[in-house]
Amino acid sequence: MLRLWQKFYYRMRYFSHLFNIPKNNGLSKLKTKKPRKKRCKVCGDVFQPERPLTPCCSIKCAIELTRRQNDQKQKKVKTVKRKELMTRSQWYSKLQILVNQYVRWRDRDQPCCTCGTTNQHIKYDAGHFHTTGARPELRFELTNIHKQCSQKCNVYGSGMRKEYQTFIIDKYGMDHFEWLESNDHKSLKEQFPTWQDIEDEMKRYRQLLRDVGIKPSI
Ligand SMILES: [Zn+2]
Ligand SMILES: [Zn+2]
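Visitor: When you look at the overall build of the protein chain in this model, what are you seeing that I'm missing?
Guide: A count of helices and strands for the protein chain gives nine helices and four strands. Scored against the burial criterion, the 218 residues of the protein chain give a buried share of 16%.

Below you can see the structure in the form of structure tokens.
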């Protein structure tokens, strides 16, 4: 009896490819329906994955991928730690670089705000009317910063305050000048309660610069 069943079974297996009967059991049909070929994320070789979400071609590549992912995670943790250790003044200096870069772009076609030179062969700064030391709360106020020639006005002329005052009144009006002079300004801590707020402002400036086709310098 057993032999007869065995004979039948083997015969069925032999012809199975003709009428598409699963060879061993129902599972084999699933097994034959393999996912599409894909490119290994590590070595770039094309391979036939056993399961749909397999990212690598081999164990060796899978180990390498895990190592890379761990490295990335650690890098992120390190970056956050480094940011948390940065002082406020370090953050402000970084933001200032971007704000100044933006001002230099904004005033690219303007002459020096205090002496009017348009000499192409000299260096220009983003000069503050109220200095960052005297009025820190105005260090990122865009109407307090303008293109200024570096040597004659910003550095040696100590900002040419008298000329700068005239420039601001001419450009923005007396009311605005008086507002700048007043104490009606939020402190830096109020402007940026946490370092993440400074970072967000940096991101905003980077985007502004990229939007006008300039690579942010930091
Ligand atoms: Zn691979
Ligand atoms: Zn000048």
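Visitor: Whenever I open this one, the confidence of the model for the protein chain confuses me. Can you help?
Guide: Do not read the fine detail of predicted coordinates wherever pLDDT is low. When pLDDT is averaged across the protein chain, the result is 88; 85% of the residues are at 70 or more. The low-confidence segment residues 14–22 (pLDDT under 50) makes five contacts with residues lying over four places distant or belonging to another chain.

Visitor: What is the right way to read helix α4 (residues 88–106) from this model?
Guide: For an α-helix, 3.6 residues make a turn, and residues three or four places apart therefore share a direction. Taking 1.5 Å of rise per residue, the 19 residues of α4 would be expected to cover 27 Å, and the 26 Å separating its terminal C-alpha atoms lies within 8% of that figure. Looking only at α4, the buried set comprises Trp91, Leu95, Leu98, Val99, Gln101, Tyr102 and Val103. If you follow the buried residues of α4, they end up packed against β3 (124–128), β4 (145–149) and α9 (195–211).

Visitor: Even after reading the chapter, I still don't get the nonpolar core, so can you show me in this structure?
Guide: Burial of nonpolar side chains together is a common tendency in soluble globular proteins. The biggest cluster of nonpolar side chains holds 12 residues, and these are Trp91, Leu95, Leu98, Val99, Tyr102, Val103, Ala126, Phe140, Ile145, Phe192, Ile198 and Tyr205. Every element with two or more residues in this core is listed here: α4 and α9. By residue number, the principal contributor to this core is α4, which donates six residues. Not counting chain neighbours up to four residues away, the residues in contact with Ala126 comprise Asn100, Val103, Arg104, Ile145 and Lys147. Counting nine residues, the second largest nonpolar core, distinct from the first, contains Tyr124, Cys149, Met160 and Ile168.

Reading the values: the criteria
Residue numbering note: each chain is counted from 1, following its sequence as written. Lettering for chains starts from A, numbering for ligands starts from 1, and both go in the order in which the items are written. Under the rules for a predicted model, residues below a pLDDT of 70 receive no local features and side-chain atom pairs below 80 are neither given nor counted, while totals for whole chains, interfaces and linings still include all residues. Segments assigned H or I by DSSP are reported as helices when at least four residues long, segments assigned E as strands when at least two residues long, and all are numbered from the N terminus. Remark: C-beta atoms are placed from the backbone, and a residue is labelled buried if 20 or more other C-beta atoms sit within 10 Å of its own, exposed if 12 or fewer do, or partly exposed between those counts. Confidence per residue, as judged by the predictor, is encoded in pLDDT with a range of 0 to 100. Residues are defined as contacting one another if the C-beta atoms placed from their backbone atoms lie within 7 Å. Each helix should span, by expectation, one fewer than its residue count multiplied by 1.5 Å. The nonpolar core is taken to be a set of buried Ala, Val, Leu, Ile, Met, Phe, Trp, Tyr and Cys residues joined by way of C-beta atoms within 7 Å.

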